[in-house]
Amino acid sequence: MKKTTLFLFAICSAAMSYSADKWFGDDRNSQITDPTNWYLDEERTIQADSAPTSGGQDTAIMYSEKTDWRGVYLSQTDTYLYNVVITGNHHMNFGDDVLDKGKVYIDITGELSSPIIGKQSNPEIGTSFGKDGEVAVEMHVGEINVGTEIYRNKTFSYYGGMEFKIGTPDNRITDWNLLVDRDIRIGGGLYEYAGCVLNLYVDKLSVNGVLRFDRNGSSYSNMFFSRSATFEVGGIDATNIASNFTLHNSQGSSLNSTIVLKNAAGSDYQFIGVIADDGNNRPNISEVKAVMNVTMDGEGVQRIFNAKDDATDILGRQSGTYTVKNGRLIMDNSRIAADYRQAKLSMEGGKFGAGHYDSSQTGTAYFKTANFKSGGFAYENFVNHNTFETSSNDKIIITEVFTKTEGSGKISIDFSDASGNALNLAEYNYALAESAESIEIWTEILTASELSGFNLEKRLSDGVYDANDDFVAEGIANGIAVFKWVESLGNGYSLQVGFAQVPEPESVAVIFSAVILAIAMRRKMK
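Rules behind the numbers
Residues numbered from 1 in each chain as written. Predicted model: local features only at pLDDT ≥ 70, side-chain atom pairs only at ≥ 80, totals over all residues. Heavy atoms only, no water. Helix = DSSP H or I, 4+ residues; strand = E, 2+ residues; numbered from the N terminus. Buried < 20%, exposed > 50% of the residue type's maximum accessible area, 1.4 Å probe, protein only. Contact = heavy atoms within 4.5 Å. Areas by Shrake-Rupley, 256 points an atom, 1.4 Å probe, with all protein chains shown as cover. Lys, Arg positive; Asp, Glu negative; His and termini not counted. Charge placed at Lys NZ, Arg CZ, Asp CG, Glu CD. Salt bridge = Lys/Arg side-chain N within 4 Å of Asp/Glu carboxyl O. Pairing = 2+ DSSP bridges. Phe/Tyr/Trp six-rings, centres within 6.5 Å; stacked < 30°, edge-to-face > 60°. Lys NZ or Arg CZ within 6 Å of the ring centre and 35° of its normal.

**Describing the overall build of the protein**
Of the regular secondary structure elements, the protein holds three helices and 40 strands. Taking all 526 residues of the protein together, 52% fall into the buried category. Contacts in the protein between residues far apart in sequence, at least 24 positions, make up 78% of those at least 6 positions apart. By element, 48% of the accessible surface of the protein is carried by carbon and sulfur atoms, the whole surface being about 23200 Å². Within the protein, the 68 negative side-chain charges are centred at a point lying 3 Å from the centre of the 45 positive side-chain charges.

**Details of the pattern of salt bridges**
In total, this model carries 23 salt bridges according to the counting rule given. Note that Arg212 is salt-bridged to Asp183, the shortest N-O span being 2.8 Å. In this pair, Arg212 sits in strand E17 (residues 211–213) while Asp183 sits in the loop between strand E13 (173–180) and strand E14 (184–186), placing the two residues 29 residues apart along the sequence. In the salt-bridge network here, residues are joined through shared partners; they are Asp268, Arg303, Arg328, Lys351, Glu380, Asp414 and Glu474.

**Focus on unusual backbone geometry**
Unlike most non-glycine residues, Arg44 shows phi in positive territory, near 60°. Its location among the elements puts Arg44 in the loop between strand E3 (38–39) and strand E4 (59–62). Backbone geometry places Asn153, a non-glycine residue, at a positive phi of 55°. Mapping Asn153 onto the fold places it in the loop between strand E11 (135–150) and strand E12 (162–167).

**Side note on the pairing of strand E7 (residues 83–86)**
Residues Asn83 and Val85 line one face of E7 and the alternating positions Val84 and Ile86 line the opposite face, and both faces are buried. Taken together, the two bridges between E7 and strand E9 (residues 102–116) define a ladder with parallel strand orientation. Bridged to Val84 within E9 is Leu112.

**Re the environment of Thr53**
Mapped onto the elements of the fold, Thr53 is located in the loop between E3 and E4. Once the C-alpha coordinates of Thr53 and Thr79 are considered, the two residues, 26 residues apart in sequence, prove to be 7.0 Å apart. Leave out the neighbours within four places in its chain, and Thr53 touches Ile32, Thr33, Thr79, Tyr80 and Leu81.

**Some remarks on the packing of aromatic side chains**
Scanning the entire structure with this criterion turns up 21 aromatic pairs. Centre to centre, the rings of Phe213 and Phe271 are 5.6 Å apart; their planes meet at 45°, and the pair counts as tilted. Pair noted here: Phe213 is in strand E17 and Phe271 is in strand E23 (residues 268–275), with a separation of 58 residues, a long-range link. Residue Phe213 shares its accessibility class with Phe271, and that shared class is buried. Arranged with centres 6.0 Å apart and planes meeting at 10°, the rings of Phe454 and Phe471 form a pair that is stacked. One end of the pair, Phe454, is in the loop between strand E34 (443–452) and strand E35 (459–461); the other, Phe471, is in strand E37 (residues 471–474), and 17 residues separate them in sequence. Accessibility expressed as a relative area gives 11% for Phe454, which makes it buried. Grouped by ring-pair contacts, the aromatic residues Phe377, Phe402, Phe454, Phe471, Phe483, Trp485 and Tyr493 constitute a single cluster. Of note, Arg341 hangs over the ring of Tyr366, and the distance from its end group to the ring centre comes to 3.8 Å.

Limitation: the analysis is restricted to geometry and does not speak to function.
In structure tokens, the structure reads:
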């Protein structure tokens, strides 16, 4: 027993000895593995006996208030670190030694952070090449925090902003993949005004956790791509209603990037901010060349309410394709300037709906075109909006063509609430029509300027068409939903829903008999 205790003590002591804060020194061109340029104190008076790459759980700290550039070189094909704090004008650069090595790896197992200091910070993890060649980069990080805290809780007379760059525009990097195990956090809700930006020159970003935004003071917190990228993430979260958060491509670029939402089953994230092609303040729309696409491919829920402070005419163009394959995507882009709402909706599964971050208010989602293959639309807030009395509700508006792909089947309209509870018509003070034919109260839920692939053969009256061949309701109890298209000269088509009592069995039998008789007569005529 005594030997076991001593043995465990020895292991713990060894582990503790491999956990230290190590500050990068003043040699601006040293290798990260060189122990002579690492110190155990911020004043750089006690030299470390090893570099932070030697194993254990060291924290490599690159901090200086000096304004000159300071860099450390990554010369190995495999670099392993635990925690990294990088701020000021410090760079971690891959050098010539890694060129033509196929692929190089950097693993930061714990946290990669860029705290706020008393000056503008522009730290970078990139490259500094002096010869020809090429190489790919695989980067693995536990979590990334940008501007979420003040360095060592120090007091500064001024708190500078932060732009942290990861990756490079250098075409000698053939591919840069960044994998994050947990979250990326940008901004920390600090009292001090300090803008925070994460600028990514990567080809693929995979975040197993969530991208989270917060504000420092009344400043902004943004993330953008400087290479065309695929960004897979478990959700996007920003709930500060005084928002100034933007996710976009580099301004003035011609990049084409895609956000792939992988929200897990049971998750429900709200992003109050702007997703735009290349920024949220582009007064000359003709100069916008980039495209930002969004794909919902998780089993959970993602809510996107496009907002920037209290602006109601945001100059951030949306021209990408919003594809829904799985889960539920709820969106409002009514605060985007009308000419900038150019996105396309592609329904390939799952549910899409319009929605405000405050469920008591109505939301509107605008798209230039929409194409339906499978899935449906979600209307969660009929109860919250008292729709039966006010006729106000969330709405999807398609300014050009709404296409239903041939053979796609019926479009599901889901009236269940955000918790999955069915809309129980028996619980509300609402006089249901006795039958579908006697419905007098209709509610508009979607509009489109043109329709393609829909059945408009069943004309009910002038400009009114039965839509029940193309739409089917779910998430309703103690009643039925009936759909119709109403054509308005010059304004396209309005999809409207009305509710009626569940037909009595006798009525169903009569209807069924009539259908059977009609089929028999048709066969006889043939």
